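Each chain, letter by letter, is given below.
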Amino acid sequence: MFKTSPASLLKPIAVKWRSWWTQQTPNRQDRFAFMAPLAAVILFMAAITTAFWYLRYEELDREQEVISRDVEYAQQRMRLRLLDKQEQVMRLARDIIDGGTNKKTFNAEAKAVLIQSLEMASLTWVDPMLRVQGTYTSPSSNTTLALAPGQTIAHSETMRTFQLARELQQPVYSHPVLEKNPTQTAYAFLQLHVPLYNRGKFEGVIIAEYSMEGMLRFAVPTEVSDRYAVSLRDASNLVLAGQADTAKPKVTEVLPWLFRTNEYEVPITPVGYDLALHAQAYRTSSGLVGNGVFWLVVALSAITAWMLIGTWQHTKRRVQVQQALVAETNFRRAMENSILTGMRAMDLKGRITYVNAAFCQMTGWSEEELVGRLPPFPYWPDEDRETLEQKLAQELKGETTSSGFQVRVKRRNDQVFDARLYVSPLIDALGQQTGWMTSMTDITEPNRVREQLSAAHDRFTTVLEGLDASVSVAPLGSKELLFANKLYRQWFASTTQGHLNLVTQAGQPRSLPESEAAGDDAQDQDDALMGLPTEGMTESKAENAEIYLPELGKWLEVRSRYLNWVDGRLAQMVIASDITARRQAEEQALVQAERAQSASRLITMGEMASSVAHELNQPLTAISNYCSGMVSRIKANNLSEEDLLKALEKTAHQAQRAGQIIQRIRSFVKRSEPNRTQADVATMVAEAVELAGIEMRRRQVRLSQVMAARLPAVHADPILIEQVLVNLMRNAAESIDIAQRPLTRRDVELKVLPRKEEEQDVIEFSVTDSGRGLPPEVMEHLFEAFFSTKSEGMGIGLNLCRSIVESHQGRMKAENIYNAEEITGCRFSFWIPVR
């Protein structure tokens, strides 16, 4: 079995043939001359082959008409004979129904029928229970119904046909059956079942069994069976009797027209399409191969083909010689016409003897107009004629340089262009000089590009010189300064020291080999080609850093990247921008932010002054009471040492309590530098709750806390985070007080839980109140500076809180809490990352 298809095997051959054919016949005329004899041979052979095939198929068509007529005649004879035997069996059935035939006389009458019907193998009388009542078998047959009276028939096809005849109440033929008998020989038969109905009552059937061999021998006419290979076949083309045709070649499955045989097949009635008569013609004619005229024509065709092939080979050799000559000529002409350089040949006197197509295209003059001309030539500008005559004289004397010389050339339309001429002596095949060969190149466009490049360089240098940033480029591993703009030279002069200092302080040290670190100072000069754009520039990701240079007293933002310089060396470009003003503004803004945070805490404590006074009043009142009591009892001489000790301990406890409150307030409002450390979340929350609890107790608001266990520490400023929490809890208590909620609904909930936000671990703080919430128009401007819903508010509290949270890389938001459509409170939440 092939692993590759025929198409894949033929493809390389076709490619090689196409390549060879293209090489042999490069143009259409050669291909026609090359193919004409070959086409004549192919057409002649095709005509002869077609004529023989046509005659052969005409003969086969005539034979097909004859065989179809003979087979239909034989089928008609067989049909009439079957109908005649069916009528005999039906007469025997009527005799049985009428009582003229019984079990004793059945065998005699069946024998008489079988003697007249040689193709019939047996006659059997079966009752409705498929029991044999009587049977007679031909001595020369191998019937399957050779059963004794009283036995039951169990053959499947017989039982199926028996049931069908009983249902249809008319004679029925069975399917042809091919099976082996006890002697292991193939036996094919066909059964006819004639039902016995007596006044509508089914009393059995008469089974007539036909032998296929007998039907073929006695029913097919002798003149048909002698001329054809006749056989009986079933619906699946299985040969039941007769001769089978030989196997056809495999190629007929793909090309059925290649091997055609005369055969014909027709179904046999009244059996139906289950049985067909098939006939195939014997080969009686000698055919074309045995015909003398055929061989004569073949011989003449071979001679003609040989002569045509000889003519084809001669034509092929002639075409090859012509192709070689044409190829050589075309090659030389293509070389002359394909080059863009104009070529001009002159003899020793200065007369033009040859010009190529490029020279004519440059000057606008044709070859006929230039060849044979003496100087002055028509393409010389009038104003340059004297100069060109001098150069021509030098050219004729051989006084020219290998680098050529530049001249101006005038076209026919009076346009002038720049050209460069190169002159060399023209030597013939004998080694003698016959003239001078001049090549001319149009350099107008290169001159224009050079001028544009120079102008672009000037513009580029002007832009870099006017930048308010220092730009410098130096190669890696060298102290040479490739480029430095004006600002760099003002700051660092024209040396690489400033470049190296910027790179080093920005955290990007350059590797300098010791052999080159002590390079010549003479190379520390600006490159003459500085700033020229280069192709294939390779850039890496820019590195930014902010550094301070004490010698300049400036803050600089340094950006660097690597690139390929014009000479291919890897260099580093450093751009330094003066950001001193920006850094001063940032420092001033930071100071102002610290002042605003400190002022906000002072404002918060000022707003909580009455609450703090109330909170301090309790321990102070207790201290006063304890002291008054002790004074009274001492005066009454009614104070023991033990009672005095207890009273002093209680007085000290109340004084410590008042001191703690004052210390907490003092640490909260005092101004300090920002200090971000690993802060404990529980400690921050406890400090904030203790401060905010003073205000909540004054407003009779309950505070509930939900805080997860084992919370990780956060990198934050504890005082600032406490300021945010105190502000949010005070606002929550104030919102509940303004809403005038009853005591049962005056609750504030503080939740501190860990969660994931933007793919990082964060700690979320949320403060939920039971106030009236925030209207939509307030929610839009809630965190804007100087926006407040309080008549005495300054509008910096929430804005400052959000600034503090965002400075810790966190986020803050507010949302209303709904119960159906009713607002039942408000929730402020913010989160800060753990790391």
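Computed from a prediction, not measured in an experiment: that's the story for all the values here. (Residues numbered from 1 in each chain as written. Predicted model: local features only at pLDDT ≥ 70, side-chain atom pairs only at ≥ 80, totals over all residues. Heavy atoms only, no water.)

## Quick look at the nonpolar core
Right, on to step 1. Ranked by size, the top nonpolar core spans 45 residues in total, and within it V681, L725, M729, F765, M812, F828 and F830 carry the most contacts.
Right, on to step 2. Per element, the largest residue contribution to this core is ten residues, and it comes from helix α19 (residues 718-739).
Right, on to step 3. Once residues lying within four places of it in the same chain are set aside, the contact partners of F828 are L728, F765, S766, V767, L774, L782, F783, L798, M812, K813 and A814.
Right, on to step 4. Ranked by size, the runner-up nonpolar core spans 42 residues in total, among them L123, M215, L216 and A241. (Core = buried A, V, L, I, M, F, W, Y, C linked by side-chain atoms within 4.5 Å. Buried < 20%, exposed > 50% of the residue type's maximum accessible area, 1.4 Å probe, protein only. Helix = DSSP H or I, 4+ residues; strand = E, 2+ residues; numbered from the N terminus. Contact = heavy atoms within 4.5 Å.)

## Some words on the packing of aromatic side chains
Right, on to step 1. Applying the stated criterion across every chain, the model contains eleven aromatic pairs.
Right, on to step 2. One aromatic cluster in this structure is built from F359, F377, Y379 and W380.
Right, on to step 3. Taking NZ or CZ as reference, R583 lies 3.7 Å from the ring centre of W555, over its face. (Phe/Tyr/Trp six-rings, centres within 6.5 Å; stacked < 30°, edge-to-face > 60°. Lys NZ or Arg CZ within 6 Å of the ring centre and 35° of its normal.)

## Thoughts on the packing of helix α18 (residues 681-698) against α19
Right, on to step 1. Their axes nearest at 9 Å, the elements α18 and α19 cross at an angle of 35°. Like other packed secondary-structure pairs, α18 and α19 cross with a definite hand, here right-handed. Here M684, V685, E687, A688, V689, L691, A692, E695 and M696 of α18 come into contact with α19, specifically with P718, I721, E722, L725, V726, M729, R730 and A733.
Right, on to step 2. Of the residues that constitute the contact of α18 with α19, the class distribution is 13 nonpolar, no polar and four charged. (Axes fitted to C-alpha atoms, helices over the stretch in contact; angles between N-to-C directions. Left-handed = near helix turned anticlockwise from the far one by under 90°. Nonpolar A, V, L, I, M, F, W, Y, C, P; charged D, E, K, R; others polar.)

## As for a nonpolar patch on the surface
Right, on to step 1. On the surface, L296, L300, I303, W306 and M307 cluster together into a nonpolar patch covering about 600 Å² of accessible area.
Right, on to step 2. Within the element layout of this structure, W306 appears in helix α7 (residues 292-338). (Patch = residues over 30% accessible without salt bridge, like charges linked within 9 Å, V, L, I, M, F, W, Y side chains within 5 Å. Areas by Shrake-Rupley, 256 points an atom, 1.4 Å probe, with all protein chains shown as cover. Salt bridge = Lys/Arg side-chain N within 4 Å of Asp/Glu carboxyl O.)

## A word on the sheet that holds strand β12 (residues 352-355)
Right, on to step 1. Pairing within the open sheet is antiparallel, and its five strands lie in the order β12-β11-β15-β14-β13. With partners counted over all chains shown, the strands left at the sheet margins are β12 and β13 (405-410), one partner each. Direction aside, neighbouring strands of the sheet carry axes that sit 35° apart on average.
Right, on to step 2. Judged from the six bridges that link them, strand β11 (residues 342-347) and strand β15 (residues 433-442) form a sheet pairing that is antiparallel. Looking at the pairing, M346 lines up with W436 of β15.
Right, on to step 3. On top of the sheet, helix α11 (residues 444-465) reaches β13, β14 (416-427) and β15; it is set at about 130° to β14, its chief contact. (Pairing = 2+ DSSP bridges.)

## Points about the confidence of the model for the protein
Right, on to step 1. Averaged over all residues, the pLDDT of the protein equals 79, while 79% of them reach at least 70.
Right, on to step 2. Within the protein, no element has a lower average pLDDT than helix α14 (residues 514-517), which sits at 39, and none a higher one than strand β25 (residues 760-769), at 93.
Right, on to step 3. Low confidence marks residues 509-542, where pLDDT is under 50. Its contacts with residues over four positions away, or in another chain, come to 61 contacts. (pLDDT = per-residue confidence, 0-100.)

## Things to note about the side chain of E395
Right, on to step 1. Secondary-structure assignment places E395 in helix α10 (residues 385-397).
Right, on to step 2. A distance of 3.2 Å separates polar atoms of two side chains, one belonging to E395 and the other to R344.
Right, on to step 3. Within the structure, the side chain of E395 is placed 2.7 Å from the side chain of T438, a separation counted as a polar contact.
Right, on to step 4. What E395 contacts, discounting residues up to four positions off in sequence, is R344, M346, T400, F405, V423, W436 and T438. (Polar contact = N/O pair within 3.5 Å; in protein donor to acceptor, adjacent residues only side chain to side chain.)

## Thoughts on α10
Right, on to step 1. The first and last C-alpha atoms of α10 sit 18 Å apart over 13 residues, in line with the 18 Å expected at 1.5 Å per residue.
Right, on to step 2. Those residues of α10 that are buried are in contact with β11, β13, β14 and β15.
Right, on to step 3. Looking at the residues trailing α10, positive phi occurs at G398, about 80°. (Expected span 1.5 Å × (residues − 1).)

## Focus: the pairing of strand β2 (residues 132-137)
Right, on to step 1. Sheet topology note: the strand β1 (residues 120-126)/β2 ladder contains five bridges and is antiparallel. Following the sheet pairing, W125 is matched in β2 by G134.
Right, on to step 2. Hairpin connection of β1 to β2: five residues between the antiparallel strands, including L130 at a positive phi of 65°.

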